[in-house]
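So you can see what is in the structure, the chains are spelled out below.
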Amino acid sequence: MKRSNAVARRICWLVVMAGVAIFSPSEFGAGRAAATAITIVDQNGRLVANAPPSTISQIFDVTVGPNGMFQFSPSTVNISVGDTVRWTWASSNHSVTSGNPCVADSQFCSPDDTNCGAGVLSNTGAVYQHTFTQAGTYSYFCALHCEYGMTGTINVASAPMAQSAFSRKVHGGAGTFDVPLPLTGNVGVECRSGGGTNDYQMIINFATSVTVGDAAVTSGNGTVSSFSVSGSQVTVNLTGVTNVQRITVTLFNVNDGTHMGNVPVSMGVLVGDVNGNAAVNASDVGLTKSQVGVPVSGSNFREDVNANGTISATDVALVKSKVGTALPP
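Scoring rules and cut-offs
Residues numbered from 1 in each chain as written. Predicted model: local features only at pLDDT ≥ 70, side-chain atom pairs only at ≥ 80, totals over all residues. Heavy atoms only, no water. Salt bridge = Lys/Arg side-chain N within 4 Å of Asp/Glu carboxyl O. Helix = DSSP H or I, 4+ residues; strand = E, 2+ residues; numbered from the N terminus. Pairing = 2+ DSSP bridges. Buried < 20%, exposed > 50% of the residue type's maximum accessible area, 1.4 Å probe, protein only. Lys, Arg positive; Asp, Glu negative; His and termini not counted. Contact = heavy atoms within 4.5 Å.

Novice: How should the pattern of salt bridges be read in this particular structure?
Specialist: A pair can form between side chains of opposite charge whenever their charged atoms are brought close. Within the structure shown, the criterion is met by three salt bridges. One salt bridge connects aspartate 61 with arginine 86, and the closest N-O pair in it is separated by 2.7 Å. With aspartate 61 in strand E1 (residues 59–64) and arginine 86 in strand E4 (residues 84–89), the pair connects residues that are 25 residues apart, well separated along the chain. Among the salt bridges present, the one from aspartate 178 reaches arginine 168, with a minimum N-O distance of 2.8 Å. Placement of aspartate 178 in strand E10 (residues 176–180) and of arginine 168 in strand E9 (residues 162–170) is noted, with a sequence separation of 10 residues between them.

See below:
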């Protein structure tokens, strides 16, 4: 009896091994991928794009009618200007209709922000999203179940306004000097070298003390190596910042106690552009030559292109090597 059981187990094992040999590892991987793939369609059966959100705005999800209940989950969402709310239907015969319960105000509504007063109902699997571009409090409801308390609120906060921004470098023993970075209009141009690892430092000032959730390069080439907050001033250290570019650093979830949102600050990087006109040419070479041997100060620190605390032939040579470069439009 024991022998027959052993034979049976051996036969079973051989069958399993044969199955493994028939199905390749790639086929097993494909099977796993297929099992976890999720397809979302809108109320008309059309595929919903599964694109990632932008690096600045965020997407917040709300479930419509979870477990067949007449509610939105969560019923209150706190977001910032530029963020998107995405509603996904977990049960049928519901709408997302903006307005104080239960009167539509036509600011937004499922399925496509049109004919809001009709209160078009959607079914399980439907997805609707809306991007909020203005601060304020937005109420909404389900047209069919509003009287049962199926309502929601979106609180949209505006970001604190930065008051000023600078690109800061230490020029050896000559001191620390800042290149202004205008928050509107033409971008400020950082003309100084970032050294061997292309390091730069941004200073962003606010009117009052703030907290910051994170900081990242959201446009251009470079990386935030660290950032710190001291009261109303935020310091962002950058590395790997390439020359001849416009770079944008975004502070995420900046909160001053009243407002909260994301704050982008841009800077042009063009080594040798000592006059800040977004192009390196003979004028920049001439300006640098005229300051050779002159002590570095607040009026000529841009000519100290290598930021070593003295203006010399080395700076002139560096500017000459960049002649012909210009910021992209």
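Novice: Looking at this structure, how should I read the sheet that holds E4?
Specialist: To summarise the sheet geometry, strands pair through backbone hydrogen bonds and adopt either a parallel or an antiparallel arrangement. Pairing is mixed across the open sheet formed by four strands, whose spatial order is E2-E1-E4-E6. In this open sheet, the two edge strands, each paired with only one partner strand, are strand E2 (72–73) and strand E6 (127–131). In this sheet, E6 lies alongside E4 in antiparallel orientation, the contact comprising five bridges. In the strand pairing of E6, tryptophan 87 is matched with tyrosine 128.

Novice: What am I meant to see in the side chain of aspartate 273 here?
Specialist: Within the secondary structure, aspartate 273 is located in the loop between strand E17 (260–269) and helix H3 (282–290). Of the buried charged residues, aspartate 273 lacks a salt bridge, with arginine 302 as the closest side chain of opposite charge at 5.0 Å. In contact with aspartate 273, not counting residues within four places along its chain, are Val189, Cys191, Ala278, Ala279, Val280, Asp284 and Arg302.

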